[in-house]
Amino acid sequence: MDSEDAVRRVRLLEKSVRLMLEAVRSNVVTTTIVPAGGDRYIGVNYFSQPSDTLLGILAGLEQIMRADQGASPFSAMAQGAHAGRLLLAEYREDLKNAISELAGALQPFDDNGLTALLCDVTAPRSAATDTRAERRRFVTNACVYATFVRGIRLGVIDRIELEELLGRELSQYKKELLALFGRHGYIRHALDCRSGPAASSIALDFVNVHRGFWDLCEASERALQPRRI
C-alpha cells in the first residue's frame, strides 16, 4: 500500500461509516447501503428493531478512530483517526439514542426458571449473522451485549445509565445470557433447536463475538467453549 492507496482507503472507510451513521440518525436498521446515483442511496436488508446491527456500525467507527495506532508511515492514517473522532462527536447523540432504544426494547424470556433479556424473543432480529431466520439465537444476543460494551468503551453511553435501562448490572445481564444458553454445559446455538442431537446445537459462532463478549480469564466462561474432539 502506497500513500495514495492509504488516502483512498481512509476516505472510503470514512464515507462508509458516515453513511451508516446517517442511517442510524434516520432510525433505519440496515446493513447494506447501495448508491443510487447522485447523492441518493438505497438501504437494503432491513430488519425490525431491536437488532444487533449497531455492533457493526460501532466497530467500523472504532476502526477508523484507531487508524493511527498501528505502525504506519502514512499521514492519511492520522487524518482518518481524526475524522473518526469528528464522526463520533457529530453522531454521538444519535448512537446513544439507538443504544438506549435497543436496551429498552429487550424482552425477558423464561425457560424453565432461567430468565434473560433477549432481542429476538418473538421474531428473528439478526442483521449480520442470521441466515436461518431463527429466534432466540446465542450469537445475536451476544452481539447485543457486545454492542453495549463497545458503546461504553467509545463513550457513547454511560454504564450506569445503560444499566438503569436494563434494570440490572451489565455483568448480571451477561451472566443471565450464559446461564440461559449454557444450561447444559455448552452454549446452544438457539433455544428453539431442541429436537436435534446436542452436537448440532453447539454454537459455532464464537469468533463473531469474541471481542466484547468473552472473558477467557473466567473459568466459568472457558468451560463453555467448544472442545476439540
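In what follows, the structure referred to is the one given above.
Just so it is clear, the structure is predicted and the values come from calculations on it, not from any experiment. (Residues numbered from 1 in each chain as written. Predicted model: local features only at pLDDT ≥ 70, side-chain atom pairs only at ≥ 80, totals over all residues. Heavy atoms only, no water.)

Peer 1: Go over unusual backbone geometry, please, and point to the residues and values.
Peer 2: Even without glycine at this site, Asn112 takes up a positive phi of about 55 degrees. Residue placement: Asn112 occurs in the loop between strand 3 (107–111) and strand 4 (114–118). If you check the backbone angles, Arg136 has positive phi at about 55 degrees while not being a glycine. In this structure, Arg136 sits in the loop between strand 4 and helix 4 (138–153). The exposure class of Arg136 is buried, given its relative accessible area of 14%. (Helix = DSSP H or I, 4+ residues; strand = E, 2+ residues; numbered from the N terminus. Buried < 20%, exposed > 50% of the residue type's maximum accessible area, 1.4 Å probe, protein only.)

Peer 1: Talk me through the pattern of salt bridges; I want residue IDs and the actual numbers.
Peer 2: Per the counting criterion, the structure on display carries 11 salt bridges. In this structure, the salt-bridge partner of Arg25 is Asp94, at a minimum N-O distance of 2.9 Å. Taken together, the residues Arg25 in helix 1 (residues 3–25) and Asp94 in helix 3 (residues 75–105) connect sequence positions 69 residues apart. A salt bridge links Glu62 to Arg66, with the nearest nitrogen and oxygen atoms 4.0 Å apart. The class of Glu62 is buried, set by a relative accessible area of 6%. Residues participating in the shared-partner salt-bridge network are Glu62, Arg66, Arg150 and Arg153. (Salt bridge = Lys/Arg side-chain N within 4 Å of Asp/Glu carboxyl O.)

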